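Notes for the structure review
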Amino acid sequence: MTNGTYNGFAKLLHWLVVVLLVVQFAVAWTMPDIHRDTKPVDLIAWHLSVGMTILLVVIVRLGWRAMSTVPPPPADLPAPLRLLAQATHTVLYGALIVLPLLGWINANARGWTVRLFGMFPMPSLVESGSGWGHDMGDVHQIVAWVLLGAAGLHVAGALYHQFILRDATLGRMLPGRG
Ligand code: HEM
Ligand code: HEM
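This text gives an overview of the structure that appears in the document. (Residues numbered from 1 in each chain as written. Chains lettered and ligands numbered in written order. Predicted model: local features only at pLDDT ≥ 70, side-chain atom pairs only at ≥ 80, totals over all residues. Heavy atoms only, no water.)

Before going further, it helps to examine the packing of helix 2 (residues 42-67) against helix 3 (residues 79-109). Running from amino to carboxyl end, helix 2 crosses helix 3 at an angle of 145°, the nearest separation of the two axes being 9 Å. Crossing angle aside, the handedness with which helix 2 passes helix 3 is left-handed. Contacts from L48, G51, M52, I54, L55, V58, I59, R61, L62 and R65 of helix 2 reach helix 3 at Y93, L96, I97, P100, L101, W104 and A107. Counted by class, the contact of helix 2 with helix 3 contains 14 nonpolar, one polar and two charged residues. (Axes fitted to C-alpha atoms, helices over the stretch in contact; angles between N-to-C directions. Helix = DSSP H or I, 4+ residues; strand = E, 2+ residues; numbered from the N terminus. Left-handed = near helix turned anticlockwise from the far one by under 90°. Contact = heavy atoms within 4.5 Å. Nonpolar A, V, L, I, M, F, W, Y, C, P; charged D, E, K, R; others polar.)

In the neighbourhood of ligand 1, 24 residues make up the surrounding shell, with Q24, H47, N106, R110 and H140 lying closest. Between H47 and ligand 1, the recorded distance is 2.8 Å, taken from a side-chain N or O atom to a nitrogen atom. Contact between ligand 1 and R110: an oxygen atom at 2.9 Å from a side-chain N or O atom of the residue. Among the secondary structure elements, those contributing two or more residues to the shell around ligand 1 are helix 1 (8-30), helix 2, helix 3 and helix 4 (131-165). (Near = heavy atom within 4 Å. Polar contact = N/O pair within 3.5 Å; in protein donor to acceptor, adjacent residues only side chain to side chain.)

Below, the discussion takes up the packing of helix 1 against helix 2. Close contact between helix 1 and helix 2 brings their axes to 9 Å; oriented N to C, the two are set at 155°. In terms of their interaxial angle, helix 1 and helix 2 are classed as roughly antiparallel. In this structure, the crossing between helix 1 and helix 2 has a hand that is left-handed. Here the contact of helix 1 with helix 2 is built from residues that sort into 18 nonpolar, six polar and one charged. (Parallel < 35°, antiparallel > 145°, perpendicular 65-115°, else oblique.)

Time to look at unusual backbone geometry. Backbone geometry at D42 places phi at a positive 50°, although glycine is not the residue there. When you line up the elements, D42 lands in helix 2. Even without being a glycine, F117 presents a positive backbone phi close to 55°. Note on placement: F117 falls in the loop between strand 1 (115-116) and strand 2 (120-121). For F117, a relative accessible area of 43% gives the class partly exposed. (Buried < 20%, exposed > 50% of the residue type's maximum accessible area, 1.4 Å probe, protein only.)

The coordination sphere of the iron atom of ligand 1 contains the protein donors H47 (NE2) and H140 (NE2), at a distance range of 2.0 Å. The site at the iron atom of ligand 1 holds six donor atoms, and with the angles between them running 88 to 180°, its shape is octahedral. Residue H47 is found in helix 2, and its partner H140 is found in helix 4; the two are separated by 93 residues along the sequence. Overall, the relative accessible area of 13% leaves H47 in the buried class. Note on H140: relative accessible area 18%, which makes it buried. (Donors = N, O, S within 2.8 Å, 3.2 Å for Na, K, Ca; no water. Tetrahedral: all angles 85-135°; square planar, octahedral: opposite > 155°, others 65-115°.)

What follows deals with the coordination of the iron atom of ligand 2. All of the protein donors around the iron atom of ligand 2 are H14 (NE2) and H154 (NE2); their distances to the metal are 2.0 Å. Around the iron atom of ligand 2 sit six donor atoms, and with donor-metal-donor angles ranging over 88 to 179° the site reads as octahedral. Remark: H154 occurs in helix 4 and H14 occurs in helix 1; sequence separation between them is 140 residues. We classify H14 as buried; its relative accessible area is 11%.

Here's what the structure looks like:
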């Protein structure tokens, strides 16, 4: 980490998650409604695969974060804004872990095998037919909205730094800077 910017690997993972999330929401909102006898094929299979990839990338990202020095927020940022930014990052990371896990649980409750990259079967987190596993489908959808809300706040924050505060915060996450 140099000059208080994120390194190339951190930037790559940040923007990879952003792209995967755009694809994932587009797939989620176009895939067919899921009923008792629905099979995990076509767009639903894509939803499971892309979602599991997001989980993997976010775990790698949190591993990177635990092993690196994260650049501190701008020194002149008022404490409430600093806290808001940190809280938003925590909610983003939390939702990015919890959301795929809930989807995975719901898929297993439906009797589906979840595969990584459509190939490698993952263990079942709950037994097929699990009642609470079915209920987690609703929680999955709620957490997806929480993630969207936090992402909206986060993007608003990035734009506030860029165009109102006019500081270097956005540049810390852009390629080829720092
Ligand atoms: C960050 C990753 C994910 C996001 C943003 C996401 C988002 C969503 C959204 C928005 C819906 C609702 C679709 C609708 O309106 O009909 C949904 C449904 C669903 N997702 Fe995900 N999802 C993610 C990861 C996963 C994963 C990893 C799995 C399984 C391995 C999964 C399985 C499901 C299932 C089974 C449903 C249907 C739930 C139900 O109707 O009860 N999702 N997802
Ligand atoms: C156009 C969209 C986005 C922009 C412009 C943007 C910009 C940024 C910037 C500038 C930072 C660094 C903040 C700092 O230096 O304190 C950052 C960090 C972060 N971003 Fe984004 N972001 C965007 C979308 C997203 C999305 C969709 C997510 C996840 C859902 C996300 C998750 C995060 C997280 C978790 C961090 C904290 C990184 C860390 O310190 O570990 N971002 N983003």
